[in-house]
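The chain contents come next:
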Number of protein chains: 2
Amino acid sequence: MVDIATRVYNHNWKIDPIVRSVLDTDFYKLLMAQTIFRRMRDVRVTFGIHNRTREVRLADIVDEGELREQLDHVRSLRLTRGESTWLRGNTFYGKRQMFSPEFIAWLEGFRFPDYHLEKRDGQYVLTFEGPWIETTMWEIPALAILNELRSRGVTKGMGKFELQVLYARAMTRVWEKIEVLRGLDNLSIADFGTRRRHGFLWQDWCVQAMMEGIGSSFLGTSNCLIALRREAEAVGTNAHELPMVYAALADTDAQLDIAPYRVLEDWQEDYEGNLRVILPDTYGTTGFLAHAPDWVAGWTGIRVDSKDPIEGGEEAIQWWRARGQDPKEKLAIFSDGLDIDRIVHIHRHFSGRMRIGFGWGTLLTNDFRGLVAGGALDPISIVCKVISADGRPAVKLSDNPTKAMGPSEEVERYKRVFGVGRQAAVPVVV
Amino acid sequence: MVDIATRVYNHNWKIDPIVRSVLDTDFYKLLMAQTIFRRMRDVRVTFGIHNRTREVRLADIVDEGELREQLDHVRSLRLTRGESTWLRGNTFYGKRQMFSPEFIAWLEGFRFPDYHLEKRDGQYVLTFEGPWIETTMWEIPALAILNELRSRGVTKGMGKFELQVLYARAMTRVWEKIEVLRGLDNLSIADFGTRRRHGFLWQDWCVQAMMEGIGSSFLGTSNCLIALRREAEAVGTNAHELPMVYAALADTDAQLDIAPYRVLEDWQEDYEGNLRVILPDTYGTTGFLAHAPDWVAGWTGIRVDSKDPIEGGEEAIQWWRARGQDPKEKLAIFSDGLDIDRIVHIHRHFSGRMRIGFGWGTLLTNDFRGLVAGGALDPISIVCKVISADGRPAVKLSDNPTKAMGPSEEVERYKRVFGVGRQAAVPVVV
């Protein structure tokens, strides 16, 4: 039997929206938003899209009209009653009332602010200007929309069975990775793949496959909407935007020098427990750890992001030991360019030496490499980053200069202040 | 939205039937049935299931109660009005009114006769006794039921995503074969996979994938129901049961000797055009061709079944030449144990030398080899063959002694009468 109402509803869609909920975003955005809401809601921050994979000319693949329709649709979204109830009533990392009533009330009234879109050299220049608390919310939906519109552009015109086989191949690939994960003891891995996903439905599939395939080894998903619908844990902590804005707002080099630790001070006041995970690489991990106050070593864990994972993990272990901490009680979260071989390698290397967790992104939710001709569905390295705060340029150095951002004279100043010497460039896959 | 009615209908099923239509059978059964109806409707023929893959103990895998339920369900089927209309109104091989009004009237009243079922040595002994015209109809549904119940037995208890990935893998495998077929010029290939299919839905998928994937190179399907629903050609001609029964009914060795040609005489009277395809191997191809009357060489083509396909095709070419025929105007249909490599090999070998066609069975509709542990879904070599006609044992020699059937003293007599010497045994894969 055909469900007539569903069919009619579907064929009357003006568009098929990519982002259908305020909660179709990463959990860490809400955690960061709450801190911004409490402390910095009047700071004005500009975010901008940056496609590091220059050879993929998004503006040639994605229709501007369709992109505007999708972005406009996001601007029409409001937190629903059930979503608000979930934020109020659910436990996150075992804790109730993670979000204050004031913050949730703000989120209930939140509408996405306007965007600025133009084309330049085959790429979209897509920026968001306004109060930090509003513009920060655009990062994930903007990236998810660009990635999914690209997928739709490539799959348009494919036959029904050709499409089914495309997804059959992608499913098989994910499942084969899951079968490898099954062989790892004491695994703890989460989906971090919202921003770079092939599409919403696909991420939803991947999360459910992980739930069935590895059971309790699957910690949860960064995607709030999927966590809500699939009754999974919502996971995540914070990102580079916090130190980048704190640093941009510093009036002097001395203030700049301590900005990354001020982020942690504020965060510590706002959150505790599993959420106290250091993200040390914004201006170079080694310097950050060397100059960190002792209380930072008391935090739960560290996220090893832009550094080689083995090197970064070893550095953390040595640092904890030097600060009188027992690494076995500490947590290291790996989240950069992970794929199954790297996960297995890291897991084997550190097993039993500290607690480890994985935040698996692009190559979980968008591994369509080689599945269509010319690699047209291979994932691209696209980000949405802070460009400026209150009119001052924002800078990121990272442990990998390929990922550095900001005007070059500012980059040089930051390198001097943070004592960052020569860095080895590593190609960014995803 | 949930389609409530469909869900309620589904969860109220007493069983989930495997065979849901009288037309869920191979087209050649209807062609043969019409000839039987015209000429031999009072002959009593016993059919029996034979599982050549002894190591797969079907009676341990397939529940007897479920098997009886499925067989009983088939006994409740009647040709529907729409199915009857299709048989009356459709063209087959470009011809209208392939079936006489009398035969269709008979088919409208047809009910499957009773069956006899017992277990022996881990196998089911499943036999059908009665008028040939009725028992012949059991071959395909009985095989399809046994194969699908085995599949269901193996897949029972698998997780939802594990199952989805199982089918994703199988789909990918079929599609990769289709991609190879696309590279073959002037290909003509049909689905012959009803009897050994993994399941009905799976065969239906494979047929549709072939339709999309190779377009007009896909000649059609042997399955009448799928041909009807998917608006594909229904294809097929005849099978070993005709010469086997004709031979069994022969009173003398002299009558036995000419029985295979009598089949063709009758068939020629009943059908013409593309349907005049010789199946020469029942009692040895070489002897059959050597002793064939000249008018047999005037037929459209030959089916190369149990013989090595290259050898069998070359033999046909030489025979046509010797009989003054132009092989380029002839058709050879290959249908034995085909898989993609063999298809490509045969196609390359005979391309341009004669018209060729492929009837692709088990490894199109049931290639789940290695997809579950222990090869539990690997296809088995199971057949439903004539055991006796009017109380006399039926015999098949074939070009491959592994496929021979009948009491050994009768086999010896047939070999003597048909002048069949030593034959090389070839393992039967499927």
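Residues numbered from 1 in each chain as written. Chains lettered and ligands numbered in written order. Predicted model: local features only at pLDDT ≥ 70, side-chain atom pairs only at ≥ 80, totals over all residues. Heavy atoms only, no water.

### Comments concerning the overall build of chain A
Counting secondary structure elements, chain A contains 19 helices and 11 strands. By principal-axis analysis of the C-alpha atoms, chain A measures approximately 65 × 50 × 45 Å. Of all 430 residues assigned to chain A, the portion counted as buried reaches 60%. The long-range fraction of contacts in chain A, counting pairs at least 24 apart against all pairs at least 6 apart in sequence, stands at 78%. Carbon and sulfur atoms form 48% of the exposed surface of chain A, whose accessible area is close to 17500 Å². Across chain A, the 55 positively charged side chains and the 59 negatively charged ones have centroids separated by 1 Å. (Helix = DSSP H or I, 4+ residues; strand = E, 2+ residues; numbered from the N terminus. Buried < 20%, exposed > 50% of the residue type's maximum accessible area, 1.4 Å probe, protein only. Contact = heavy atoms within 4.5 Å. Areas by Shrake-Rupley, 256 points an atom, 1.4 Å probe, with all protein chains shown as cover. Lys, Arg positive; Asp, Glu negative; His and termini not counted. Charge placed at Lys NZ, Arg CZ, Asp CG, Glu CD.)

### Section: the sheet that holds strand β7 (residues 301-304) of chain A
Residue and element names in this part refer to chain A. With parallel pairing, six strands are arranged side by side in an open sheet as β5-β4-β9-β8-β7-β6. Since the sheet does not close on itself, it has two edges, and those belong to β5 (218-221) and β6 (277-278), each with one partner. Strand direction decides the pairing type here: β6 and β7, joined by two bridges, are parallel. Among the inter-strand pairings, Ile-278 is bridged to a residue of β7, identified as Ile-302. Together, β4 (189-191), β5 and β9 (355-360) form the strand contacts of helix α10 (residues 200-214), whose direction differs from that of β5 by roughly 160 degrees. On the sheet, helix α16 (residues 309-322) packs against β6, β7 and β8 (331-334) and is oriented at approximately 155 degrees with respect to β7. (Pairing = 2+ DSSP bridges. Axes fitted to C-alpha atoms, helices over the stretch in contact; angles between N-to-C directions.)

### Some words on the relation of the copies chain B and chain A
Relating the two copies of this chain is a rotation about some axis coupled with a shift parallel to it. Superposing chain B onto chain A takes a rotation of 180 degrees combined with a translation of 0.1 Å along the rotation axis, leaving an RMSD of 0.0 Å. Within this description, the copies of the chain are treated as partners about a two-fold rotation axis. Scanning chain B for the C-alpha nearest the rotation axis identifies Ala-168 of chain B, at a separation of 2.0 Å. Here 100% of the interface residues in chain B have copies in chain A that are interface residues too; the copies meet face to matching face. (Least-squares fit on C-alpha atoms with pLDDT ≥ 70 in both.)

### Concerning unusual backbone geometry
Across the chain, the bulk of peptide bonds are trans and the bulk of non-glycine residues have phi less than zero. Residue and element names in this part refer to chain A. Phi is positive for Tyr-93, close to 50 degrees, though the residue is something other than glycine. Along the polypeptide, Tyr-93 turns up in the loop between α5 (81-89) and α6 (101-109). The partly exposed category is assigned to Tyr-93, whose relative accessible area is 26%. Of note in this structure, Asn-186 is not a glycine but carries a positive phi near 50 degrees. Relative to the helices and strands, Asn-186 is located in the loop between α9 (160-181) and β4.

### Some words on the interface of chain B and chain A
The accessible area lost on association of the parts is a frequent measure of interface size. Of the residues lining the interface, 23 residues belong to chain B; the matching set on chain A comes to 23 residues. Where chain B abuts chain A, roughly 2000 Å² becomes buried across the two surfaces, and 62% of that area is made up of carbon and sulfur atoms. Area buried by chain B at its contact with chain A is led by Met-1, Phe-161 and Arg-169 of chain B, which between them contribute 30% of it. Linking chain B with chain A are four salt bridges, by the criterion used here. On the surface where chain B and chain A come into contact, there are 10 residue pairs in polar contact (both at pLDDT 80 or more). Contributing elements (two or more residues each) for the side of chain B that touches chain A: α1 (4-11), α9 (160-181) and α10 (200-214) of chain B. (Buried area = accessible area lost by both parts, 1.4 Å probe. Salt bridge = Lys/Arg side-chain N within 4 Å of Asp/Glu carboxyl O. Polar contact = N/O pair within 3.5 Å; in protein donor to acceptor, adjacent residues only side chain to side chain.)

### Examining the UniProt feature "domain: Nicotinate/nicotinamide phosphoribosyltransferase" (unreviewed entry) in chain A
The residues that UniProt annotates with the feature "domain: Nicotinate/nicotinamide phosphoribosyltransferase" (unreviewed entry) are residues 188-421 of chain A. In residues 188-421 of chain A, the share of helix is 42% and the share of strand is 14%. The end C-alpha atoms are 34 Å apart. (UniProt positions renumbered as here; feature names shortened; annotations may be inferred.)

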